[in-house]
Amino acid sequence: MKTTLTFPIHQTRKSRLEETDFSNLVFGKTISDHMFVADFKNGDWTDLRIEPYQPLQLSPANATLHYGQSIFEGMKAYRTPEGDISVFRGDANWKRLNESAVRMCMPTIPEEIFMEGLMQLLDLDRDWVPSAKGASLYIRPFMFAMDDYIGVKPSDTYRFMIFTCPVGNYYSKPVSVKVETNYTRATPGGVGAAKTAGNYAASLYPARLAQQAGYDQLLWTDGQNHDLIEESGTMNVMFKIKGTLITAPTTTGTILKGITRNSVIQLAKDWNEPLEERFVKVSELENALKNGEVDEAFGTGTAATIAHIERIHVNGVDYTLPQKSADAFSHRVLAELDGIKYGTLADPHEWIRLV
Ligand code: COI
């Protein structure tokens with residue numbers, strides 16, 4: 001691998017690879033041997049290093065713990081049939097991390113530090129990239145405030161880190177969702193478009209209520225009137241209604257600019273699929289479900305990949321979607337994306353970078 005940045009690499013004395021059961025991976029539970037770290041001090045990124053994965057030492061006054069300046073990304077690396085390691089759209093994750101950083105009053109990270117930190121970490125931990133079908137290496141870049149200070153102001157110091165986890169499916173079967181018209185995820189002018197910890201924290205209680213009622217996830221609606229479908233808790237969401245693929249736009253600042261969402265839209269355009277980026281009204285979805293006009297519903301996300309939705313709860317009624325045919329758009333787009341990521345299909349949009 002050609003490198004443009006050099007920094008210290010402290011390797012672990014004892015790899016955990018041998019004791020890891022790759023045939024039984026629970027999403028997010030198994031962490032690879034090393035992590036990349038960089039610190040922001042005196043207005044600059046410094047002390048770049050790779051270290052053995054280990055706990056952090058934080059002061060109880062650490063600003064992140066109190067005021068929530070914390071942002072993250074989710075991306076994946078894949079094992080190709082030739083044994084190479086491919087990373088999907090890392091540049092898009094880098095850009096989105098920096099958009100989140102600006103909104104959360106945090107420093108942006110230069111592309112070279114993000115990419116070189118990532119590539120050298122993946123090179124070192126390449127044996128952690130699973131080769132089983134459907135498995136991958138989930139990559140978690142994140143940044144958080146490091147000032148020890150009690151008072152509401154942006155921190156002066158930050159830490160950027162990347163660690164990785166070999167993973168299988170996030171959802172192992174089609175999901176059921178409940179349209180949420182009481183609680184709010186995001187409002188215009190808020191932080192809904194930022195991948196920041198607080199958005200996920202705020203979603204936990206409503207999601208738990210939905211889970212207690214028998215649903216896997218929520219379909220969030222707009223915070224003002226609760227009559228437009230926005231996104232799901234772990235993924236963007238798409239419907240195919242009367243032959244047209246429809247997904248919410250990301251122009252209101254209330255929806256995460258999903259990279260899988262963007263890739264699916266690109267493929268739909270390549271295939272001349274009828275496509276509309278607009279809000280689906282709750283009433284429109286309800287009527288379409290009643291009339292059997294929802295051909296497909298699915299979530300899109302890095303962790304979730306393409307997650308088929310099999311049941312939707314709207315206004316007190318459960319609607320079960322019909323079984324999808326083998327040539328359903330969601331099946332085709334999942335197969336195409338997997339082919340590109342795992343290196344078995346052409347990559348016309350240059351989404352893949354090999355480590
Ligand atoms: C991702 O898809 O990468 C996320 O961050 C969502 C989370 C459910 C893991």
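Residues numbered from 1 in each chain as written. Predicted model: local features only at pLDDT ≥ 70, side-chain atom pairs only at ≥ 80, totals over all residues. Heavy atoms only, no water.

## Brief notes about the domain arrangement of the protein chain
You'll often see interface size given as the accessible area lost when the parts meet. In terms of domain boundaries, the protein chain breaks down into domain 1 (17-169) and domain 2 (175-338). Between domain 1 and domain 2, the residue contacts involve 19 residues of the former and 18 residues of the latter. Buried surface at the junction of domain 1 and domain 2, both sides included, amounts to about 1500 Å², of which 57% is carbon and sulfur. Together, F72, R96 and R103 form the three largest contributors to the area buried by domain 1 at its contact with domain 2, with a combined 37%. The interface formed by domain 1 and domain 2 contains one salt bridge. In this structure, E99 engages K257 in a salt bridge whose closest nitrogen and oxygen atoms are separated by 3.5 Å. For the pair domain 1 and domain 2, the interface holds 11 residue pairs in polar contact (both at pLDDT 80 or more). Within the residue set of the side of domain 1 that touches domain 2, elements represented by two or more residues are strand 3 (70-72), strand 4 (75-79) and helix 2 (90-103). For the side of domain 1 that touches domain 2, the element with the most residues is helix 2, which contributes six residues. Taken together, the residues that form the side of domain 1 that touches domain 2 break down as eight nonpolar, five polar and six charged. (Domains from an automatic or database assignment. Contact = heavy atoms within 4.5 Å. Buried area = accessible area lost by both parts, 1.4 Å probe. Salt bridge = Lys/Arg side-chain N within 4 Å of Asp/Glu carboxyl O. Polar contact = N/O pair within 3.5 Å; in protein donor to acceptor, adjacent residues only side chain to side chain. Helix = DSSP H or I, 4+ residues; strand = E, 2+ residues; numbered from the N terminus. Nonpolar A, V, L, I, M, F, W, Y, C, P; charged D, E, K, R; others polar.)

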